[in-house]
Amino acid sequence: MQRADGAQDRALVVQLARLGDVVQSLPAIEALRQSRSGIMDAICAEPLVPVLRACASLGRALPWSGSHWSGLASMWADHAGEVLSSMRAWFENVPGRPYETVYNLNQHARSILLSHLLGGKVCGPGADGPLASGLSPWGAYLRTVAGDRAANRIHLADAWCGMCGVKPLGRGPRLRLSVEELPGDLAAIGSDNGMWVAIVIGAGETARWVPPAAWASWVTLFLSRVSEGRVILVGSAEERDAGHSIHEALPPLLHARVWNAAGRTTLSQLMHLFARCRWVLGSDTGPLHLATSVGAQAMGFYFARARVHETGPYGEGHRVFQHATEEPPARWPWAESVAALLGTGASPAKGWTLWESRVDHWGACYVSEEQDHRAIGMREFVWRTLSPHLTESIAA
């Protein structure tokens with residue numbers, strides 16, 4: 001699409017949240033790309049730019065440095081003129097600005113203000129102006145289910161599609177990988193026909209951490225039952241010690257079949273590592289979602305307010321064990337999860353419900369033998385209520 005002056009229409013997606021939210025924005029980004037012509041860019045936290053650069057639907061992936069802007073804010077009282085000059089220079093150097101349309105996916109003030117400073121029309125939070133307090137129908141829905149989640153069956157990624165005015169594509173997103181070498185002994189990952197499984201040992205919220213001793217029990221059980229099994233422990237540099245604790249808790253005969261990659265990969269290298277694995281396990285955390293976008297199957301263990309129906313791994317055939325309460329689990333479903341991973345059984349564990357992902361024209365959903373079909377049908381009702389202009393095309 002071209003404007004009257006001959007220039008191409010330009011749009012921007014604003015997503016300043018953490019890794020999991022950036023990955024779960026990909027369905028909305030790809031749906032926007034399908035629905036419009038012209039150029040589309042996105043802006044995210046600077047460390048997460050490699051994820052958006054791997055998205056074929058985007059032109060540029062622009063970095064947002066939260067530390068830089070926090071530093072400017074701390075200087076305001078004593079150096080207001082210098083701060084204003086620095087801010088002006090940053091905005092003037094943003095390629096493509098001003099954008100005709102900005103799709104803002106974040107409810108907080110800095111994203112709303114940034115959206116209005118970078119473009120004209122804003123879709124999503126801030127659509128009625130940078131100072132308006134009202135919420136769009138989808139924004140109000142997300143705020144409501146954040147407090148009362150029991151009946152919700154709309155995945156966060158699909159709610160962002162609705163917020164942007166597009167329908168779900170009915171498939172999981174895929175990232176394109178550039179050529180990347182894994183460091184040292186990690187280069188051997190995926191080099192044989194073994195069953196390679198990665199474990200995300202940490203999480204952004206400490207309440208969602210699976211204890212290292214519990215992970216060591218899972219690894220021991222899995223490797224004892226699967227002779228061709230291989231396990232890679234992944235995490236941040238701060239989680240390296242937890243990886244060592246898991247490794248040292250294993251029987252010595254199993255050490256050669258376990259790689260501790262915590263703190264040893266860049267984000268781009270982590271994507272390549274996941275692409276070499278058949279399964280990736282973890283709690284509700286960003287790297288688990290990242291794994292699905294490069295082709296791995298995910299198995300999640302959701303507790304501490306994590307809800308499978310809102311943030312389960314997006315796509316077909318992923319598994320999630322959902323804990324019955326928000327309290328720390330007293331028992332982990334390790335035997336049941338290994339059986340589900342091997343396809344030898346999918347029985348639920350006491351205190352947990354096992355769910356499997358599906359994707360259709362209403363987006364992603366999770367089903368189980370104990371599912372409430374009325375709640376599943378709620379997806380269509382919500383879409384017809386909040387996006388009636390899209391309903392006919394979705395149903396088709």
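Residues numbered from 1 in each chain as written. Predicted model: local features only at pLDDT ≥ 70, side-chain atom pairs only at ≥ 80, totals over all residues. Heavy atoms only, no water.

Peer 1: Explain the overall build of the protein chain to me, please; I cannot follow it from the model alone.
Peer 2: If you tally the helices and strands in the protein chain, you get 16 helices and 13 strands. Relative to the compact-globule value of 21 Å for 396 residues, the protein chain shows a C-alpha radius of gyration of 22 Å, a close match. Summarising its shape, the C-alpha atoms of the protein chain cover approximately 65 × 50 × 40 Å along the three principal directions. Taking the intrachain contacts of the protein chain between residues at least 6 apart in sequence as the baseline, contacts between residues at least 24 apart amount to 64%. Counting only carbon and sulfur atoms, one obtains 53% of the accessible surface of the protein chain, whose full area is about 17,300 Å². The positive charge centre, built from 35 side chains, and the negative charge centre, built from 36, are 3 Å apart in the protein chain. (Helix = DSSP H or I, 4+ residues; strand = E, 2+ residues; numbered from the N terminus. Rg over C-alpha atoms; globule rule 2.2 N^0.38 Å. Contact = heavy atoms within 4.5 Å. Areas by Shrake-Rupley, 256 points an atom, 1.4 Å probe, with all protein chains shown as cover. Lys, Arg positive; Asp, Glu negative; His and termini not counted. Charge placed at Lys NZ, Arg CZ, Asp CG, Glu CD.)

Peer 1: Could you clarify how one ought to interpret the nonpolar core in this entry?
Peer 2: Grouped burial of nonpolar side chains is what soluble globular proteins tend to show. In terms of nonpolar packing, the biggest core is built from 72 residues, with Ile232, Leu273 and Phe274 touching the most fellow members. Sequence-distant contacts of Phe274, that is, excluding residues within four places in its chain, are made with Ala198, Val200, Val234, Val280, Pro287, Leu290, Ala291, Val294 and Ala296. (Core = buried A, V, L, I, M, F, W, Y, C linked by side-chain atoms within 4.5 Å. Buried < 20%, exposed > 50% of the residue type's maximum accessible area, 1.4 Å probe, protein only.)

Peer 1: What should I look at first to understand the pairing of strand 10 (residues 297-302) in this one?
Peer 2: Of all six residues in strand 10, five are buried, a share of seventy percent or more. Summarising the sheet, strand 9 (residues 279-282) and strand 10 pair through four bridges and their orientation is parallel. Bridge pairing links Trp279 to Gln297 in strand 10. Once you follow strand 9 into helix 12 (residues 286-292) and on to strand 10, the crossover reads as right-handed. Examined bridge by bridge, strand 10 and strand 11 (residues 319-323) share four bridges and lie parallel to one another. Residue pairing across strands places Gly300 opposite Val320, the latter belonging to strand 11. (Pairing = 2+ DSSP bridges. Right-handed = clockwise from strand over helix to strand, strands pointing away.)

Peer 1: How do you make sense of the packing of helix 9 (residues 212-225) against helix 10 (residues 240-248) when you look at a structure like this?
Peer 2: Geometry of a packed helix pair, given as the angle between the helix axes and the separation of the axes. Orientation of helix 9 relative to helix 10, taken along the N-to-C sense of each, is 45°, at an axis distance of 8 Å. Accordingly, the angle class assigned to the pair helix 9 and helix 10 is oblique. By crossing handedness, the relation of helix 9 to helix 10 is classed as right-handed. Of helix 10, the residues touching helix 9 (which contributes Pro212, Trp215 and Ala216) are Ala242, Ser245 and Ile246. (Axes fitted to C-alpha atoms, helices over the stretch in contact; angles between N-to-C directions. Parallel < 35°, antiparallel > 145°, perpendicular 65-115°, else oblique. Left-handed = near helix turned anticlockwise from the far one by under 90°.)

Peer 1: Is there a simple way to think about the environment of Trp76 in this case?
Peer 2: Along the chain, Trp76 turns up in the loop between helix 4 (66-75) and helix 5 (80-92). Its relative accessible area of 43% is what places Trp76 among the partly exposed residues. Residues within four places of Trp76 in sequence aside, it is in contact with Val83 and Leu84.

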